[in-house]
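Next come the chains, spelled out residue by residue.
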Amino acid sequence: MVSTEEEITRRLSETDSVRKARRAQAATTVGLLARRHVDLAGQLAELERELGQVLTAARDVIDVPELADVTDIPAADLSRWREQAVKPARRRKRQDGGKDTGGANPRSTTSALAARVDDSAGS
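All of the points below concern the structure found in this document. (Residues numbered from 1 in each chain as written. Predicted model: local features only at pLDDT ≥ 70, side-chain atom pairs only at ≥ 80, totals over all residues. Heavy atoms only, no water.)

## Re a negative patch on the surface
Consideration 1: Residues D63, E66, D69 and D72 make up a contiguous surface patch of negative charge.
Consideration 2: Tracing the sequence through the fold places D72 in the loop between α2 (64-71) and α3 (75-86). (Patch = residues over 30% accessible without salt bridge, like charges linked within 9 Å, V, L, I, M, F, W, Y side chains within 5 Å. Areas by Shrake-Rupley, 256 points an atom, 1.4 Å probe, with all protein chains shown as cover. Salt bridge = Lys/Arg side-chain N within 4 Å of Asp/Glu carboxyl O. Lys, Arg positive; Asp, Glu negative; His and termini not counted. Charge placed at Lys NZ, Arg CZ, Asp CG, Glu CD. Helix = DSSP H or I, 4+ residues; strand = E, 2+ residues; numbered from the N terminus.)

## Focus: the pattern of salt bridges
Consideration 1: With the rule as written, the count across this model stands at six salt bridges.
Consideration 2: With its nearest N and O atoms 2.8 Å apart, the salt bridge here joins E46 to R49. Of this pair, E46 and R49 both sit in helix α1 (residues 5-57), three residues apart, roughly one helical turn.
Consideration 3: Looking at E46, the relative accessible area reads 35%, which means it is partly exposed.
Consideration 4: One connected set of salt bridges, linked through shared partners, spans E7, R10, R11 and E14. (Buried < 20%, exposed > 50% of the residue type's maximum accessible area, 1.4 Å probe, protein only.)

## A word on a nonpolar patch on the surface
Consideration 1: Taken together, the side chains of L44, L47 and L51 make up a nonpolar region of the molecular surface, amounting to roughly 250 Å² of accessible area.
Consideration 2: If you trace the backbone, L47 turns up in helix α1.
Consideration 3: We classify L47 as partly exposed; its relative accessible area is 47%.

## Re the nonpolar core
Consideration 1: In terms of nonpolar packing, the biggest core is built from six residues, these being L55, V64, L67, A68, L78 and W81.
Consideration 2: Elements supplying a minimum of two residues to this core: α2 and α3.
Consideration 3: For this core, the leading source of residues is α2, giving three residues.
Consideration 4: Beyond its immediate stretch of four places on either side in the chain, L67 contacts L55, I62, D72 and L78. (Core = buried A, V, L, I, M, F, W, Y, C linked by side-chain atoms within 4.5 Å. Contact = heavy atoms within 4.5 Å.)

## A short note on the environment of P74
Consideration 1: Secondary-structure assignment places P74 in the loop between α2 and α3.
Consideration 2: Separated by ten residues in the primary sequence, P74 and V64 place their C-alpha atoms 9.2 Å from one another.

## As for the packing of α1 against α3
Consideration 1: Remark: α1 packs on α3, axes separated minimally by 7 Å, with the N-to-C direction vectors making an angle of 90°. Of the possible angle classes, the one that applies to α1 and α3 is roughly perpendicular. Every residue of α3 that contacts α1 at E48, L51, G52, Q53, L55 and T56 is listed here: L78, R80, W81, R82, Q84, A85 and V86.
Consideration 2: Of the residues in the contact of α1 with α3, the class split is six nonpolar, four polar and three charged. (Axes fitted to C-alpha atoms, helices over the stretch in contact; angles between N-to-C directions. Parallel < 35°, antiparallel > 145°, perpendicular 65-115°, else oblique. Nonpolar A, V, L, I, M, F, W, Y, C, P; charged D, E, K, R; others polar.)

## Things to note about α1
Consideration 1: Over its 53 residues, α1 runs 77 Å from end to end, which matches the ideal 78 Å to within 8%, given 1.5 Å per residue.
Consideration 2: Regarding α1, the residues found buried are A27, G31, A34, G52 and L55. (Expected span 1.5 Å × (residues − 1).)

## Brief notes about the packing of α2 against α3
Consideration 1: In the contact formed by α2 and α3, the axes pass within 9 Å of each other and the chain directions differ by 130°. Considered as vectors, α2 and α3 are oriented oblique to each other. Considering only the axes of α2 and α3, their crossing is right-handed. Residues V64, L67, A68 and T71 of α2 pack against A75, L78, S79 and R82 of α3.
Consideration 2: Counted by class, the contact of α2 with α3 contains five nonpolar, two polar and one charged residues. (Left-handed = near helix turned anticlockwise from the far one by under 90°.)

This is a description of form; function is not addressed.
See the structure below:
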């Protein structure tokens, strides 16, 4: 037996509502995780700056190999943090190739993605 138009419409509506709920949940979860990622990346960058400053300030009393020995932190990590602290900050190239972003902040593609995900979750 062939379904009626009303039955077909009802079935499609049920399928669409389940899909819409799953899409909203996925978009919401991605948005939350992306925001956490941005926050944690910022915290990590700040922590690395602090490490570099302490390593630079203590350079006259303890060197990297000795610090590595007493802390069990690889000398390569200690050196990298210290070198990052003494390097002048470089300006990063725009990832959008210099295109006008319409007032959007080009600083973080992750936060831009999170914003787009949030917008789509509300739809």
